[in-house]
Amino acid sequence: MQLVLFLLLASATTLALGQGTRVGFYSASCPRAETIVQAAVKARFQSDPTIAPGLLRMLFHDCFVRGCDASILIDGPSTEKTSPANSRLRGTEAIDDAKKQLEVACPGVVSCADILALATRDAVVLTTGRGWLVPTGRRDGRVSLASEASNLPGFTESVDSQKQKFAAKGLNSQDLVTLVGGHTIGTTACQFFRYRLYSFNNTHAVDPAIDPAFLPQLRSLCPENGDGSARVGLDGSPANFDTSFFTNLRNGRGILESDQMLWTDASTKPFVQRYLGVRGLQALNFNVEFGRAMVKMSNIEVKTGTEGEIRSVCSKIN
Ligand SMILES: *[C@@H]1O[C@H](CO)[C@@H](O)[C@H](O)[C@H]1NC(C)=O
């Protein structure tokens, strides 16, 4: 497996995969870059597996705001990090550990934006997902504004609006369903879906999209006046990277309204069905497509060449 991956990396070093990033960008300038990131993520993951979904969300939130330039990592009074959309960031310690070691091994060479993209891939692998080759060569941004993070897709966002936000970044409906499928790992808090159980809208106290047999379970996890910050798995196996998230959508067991609507909506439902291997539709392999969609997402508006900078510390511009 290691050898195959090595050969793939070696043969792909000059393969351009978009906007100036390429697989193996550091093969000469910092040959151990990917190994160092992988070890740092693994070490942190062992004591805190929640960094896996944390890194996935962090990369997504980084890429959708000024491109994948690690602007989400910058500390300061009104940076992206301070936006409510970015509350409870997880995984920054893994990035910082990797950066410290990389600054010793090859000072000033590996960007924080690349570390985040690589670390996210490594985190998915640690949760039983399949890996993908991460094109590298991103440079770090010098601007981070909380105000720009407010436009990220939210948990009540309609499918049309989710599709628009993804299309604005060059991502289609399949990419949307695939990337939201990343909710196969991780948790959310009661406060983000409790309204679906008790006070959905003026005509329905309960969201009719919820499986009635699932409702008592959700209500016991999230009592009406209970702790809004209590965590609930986004699918039945929140530590495993699998298709059970899609099975749950089909069964009315999606947790977030924005997720469940991918099943209700006629334009996105077929992609969910294809991941579930529904007869009569061309099957899609979730793990393969997820890697592909992640490469696409992690190339959004990347800075390359002489744009941006290589930060010395990921939380501070130079
Ligand atoms: C409440 O939600 C249901 C199901 O989504 C919908 O059919 C109905 O029109 C909604 N009612 C109001 C008042 O928005």
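Residues numbered from 1 in each chain as written. Predicted model: local features only at pLDDT ≥ 70, side-chain atom pairs only at ≥ 80, totals over all residues. Heavy atoms only, no water.

K.L.:
Teacher, can you tell me more about the overall build of the chain here?
P.N.:
When helices and strands are counted, the chain shows 14 helices and five strands. The C-alpha atoms of the chain give a radius of gyration of 20 Å, which matches the 20 Å a tight globule of 318 residues would have. With respect to the principal axes defined by its C-alpha atoms, the chain has extents near 60 × 50 × 35 Å. The buried share among the 318 residues of the chain stands at 51%. Carbon and sulfur atoms form 55% of the exposed surface of the chain, whose accessible area is close to 14100 Å². The centroid of the 33 positive side-chain charges in the chain is displaced by 3 Å from the centroid of its 30 negative side-chain charges. (Helix = DSSP H or I, 4+ residues; strand = E, 2+ residues; numbered from the N terminus. Rg over C-alpha atoms; globule rule 2.2 N^0.38 Å. Buried < 20%, exposed > 50% of the residue type's maximum accessible area, 1.4 Å probe, protein only. Areas by Shrake-Rupley, 256 points an atom, 1.4 Å probe, with all protein chains shown as cover. Lys, Arg positive; Asp, Glu negative; His and termini not counted. Charge placed at Lys NZ, Arg CZ, Asp CG, Glu CD.)

K.L.:
Quick question: what am I supposed to make of the packing of helix 7 (residues 159-167) against helix 8 (residues 173-180) here?
P.N.:
When two helices pack together, their arrangement is captured by the angle between the axes and the distance separating the axes. At a closest axis distance of 9 Å, the pairing of helix 7 and helix 8 adopts a crossing angle of 105°. Relative to helix 8, the element helix 7 lies roughly perpendicular. For the pair formed by helix 7 and helix 8, the contact residues are Gln 162, Lys 163 and Phe 166 on the first element and Ser 173, Leu 176, Leu 179 and Val 180 on the second. Of the residues that constitute the contact of helix 7 with helix 8, the class distribution is four nonpolar, two polar and one charged. (Axes fitted to C-alpha atoms, helices over the stretch in contact; angles between N-to-C directions. Parallel < 35°, antiparallel > 145°, perpendicular 65-115°, else oblique. Contact = heavy atoms within 4.5 Å. Nonpolar A, V, L, I, M, F, W, Y, C, P; charged D, E, K, R; others polar.)

K.L.:
Just checking my understanding: could you explain the pattern of salt bridges for this structure?
P.N.:
The full count for this structure, using the stated rule, is 15 salt bridges. Here Asp 69 makes a salt bridge to Lys 303, at a shortest N to O gap of 2.9 Å. With Asp 69 in the loop between helix 3 (51-63) and helix 4 (92-105) and Lys 303 in the segment after helix 14 (286-297), the pair connects residues that are 234 residues apart, well separated along the chain. Close ionic contact of Arg 142 with Glu 309 constitutes a salt bridge, the shortest N to O distance being 2.4 Å. Of this pair, Arg 142 sits in the loop between strand 3 (135-136) and helix 6 (146-149) while Glu 309 sits in the segment after helix 14; the two residues are 167 residues apart in sequence, bridging distant segments of the chain. (Salt bridge = Lys/Arg side-chain N within 4 Å of Asp/Glu carboxyl O.)

K.L.:
So what exactly am I meant to see when it comes to the domain arrangement of the chain here?
P.N.:
Accessible area lost during the coming together of the parts is what is often quoted as the interface size. Here the chain is partitioned into domain 1 (18-152) and domain 2 (159-294). If you average the C-alpha positions of domain 1 and of domain 2, the two centres end up 25 Å apart. Buried area between domain 1 and domain 2, summed over both chains or domains, comes out near 1400 Å², and the portion from carbon and sulfur atoms is 68%. Sorting the residues of domain 1 by area buried against domain 2 places Phe 64, Arg 130 and Trp 132 first, and these three jointly supply 37% of that buried surface. Taken together, the links from domain 1 to domain 2 amount to zero salt bridges. Listed by contribution, the elements that provide at least two residues to the side of domain 1 that touches domain 2 are helix 3 and helix 5 (112-126). Per-element tally for the side of domain 1 that touches domain 2: the top contributor is helix 3, with five residues. (Domains from an automatic or database assignment. Buried area = accessible area lost by both parts, 1.4 Å probe.)

K.L.:
Just to check I follow, could you spell out the site of the ligand for this structure?
P.N.:
Every residue close to the ligand is listed here: Phe 200, Asn 201, Thr 203, His 204 and Pro 208. Between the ligand and Asn 201 there is a distance of 2.4 Å, counted from an oxygen atom to a side-chain nitrogen or oxygen. Burial of the ligand by the surrounding chains reaches 45%, relative to a free accessible area of 370 Å². (Near = heavy atom within 4 Å. Polar contact = N/O pair within 3.5 Å; in protein donor to acceptor, adjacent residues only side chain to side chain.)

K.L.:
Hey, could you run me through helix 8 in this one?
P.N.:
In an α-helix, one full turn covers 3.6 residues, which means residues spaced three or four apart are oriented alike. Counted residue by residue, helix 8 has seven buried out of eight residues, so it is predominantly covered. Taken as a whole, helix 8 has its buried residues at Gln 174, Asp 175, Leu 176, Val 177, Thr 178, Leu 179 and Val 180. Those residues of helix 8 that are buried lie in contact with helix 7, helix 11 (244-250), helix 12 (257-264), helix 13 (269-275) and helix 14. Regarding helix 8, its N-cap is Asn 172, as a side-chain oxygen of that residue lies 3.1 Å from the backbone nitrogen of Gln 174 further along.

K.L.:
What exactly am I supposed to notice about the packing of aromatic side chains here?
P.N.:
Note on aromatic pairs: each is described by the distance of the centres and the angle between the planes. The tally for this structure, following the rule as stated, stands at 15 aromatic pairs. Ring centres of Phe 246 and Phe 286 lie 5.2 Å apart, and the angle between their planes is 85°; on these two criteria the pair is classed as edge-to-face. Remark: Phe 286 occurs in helix 14 and Phe 246 occurs in helix 11; sequence separation between them is 40 residues. Members of the aromatic cluster, joined through ring pairs, are Trp 132, Phe 241, Phe 245, Phe 246, Tyr 275, Phe 286 and Phe 290. Directly above the aromatic system of Trp 263 lies the positively charged group of Lys 269, at a separation of 4.6 Å from the ring centroid. (Phe/Tyr/Trp six-rings, centres within 6.5 Å; stacked < 30°, edge-to-face > 60°. Lys NZ or Arg CZ within 6 Å of the ring centre and 35° of its normal.)

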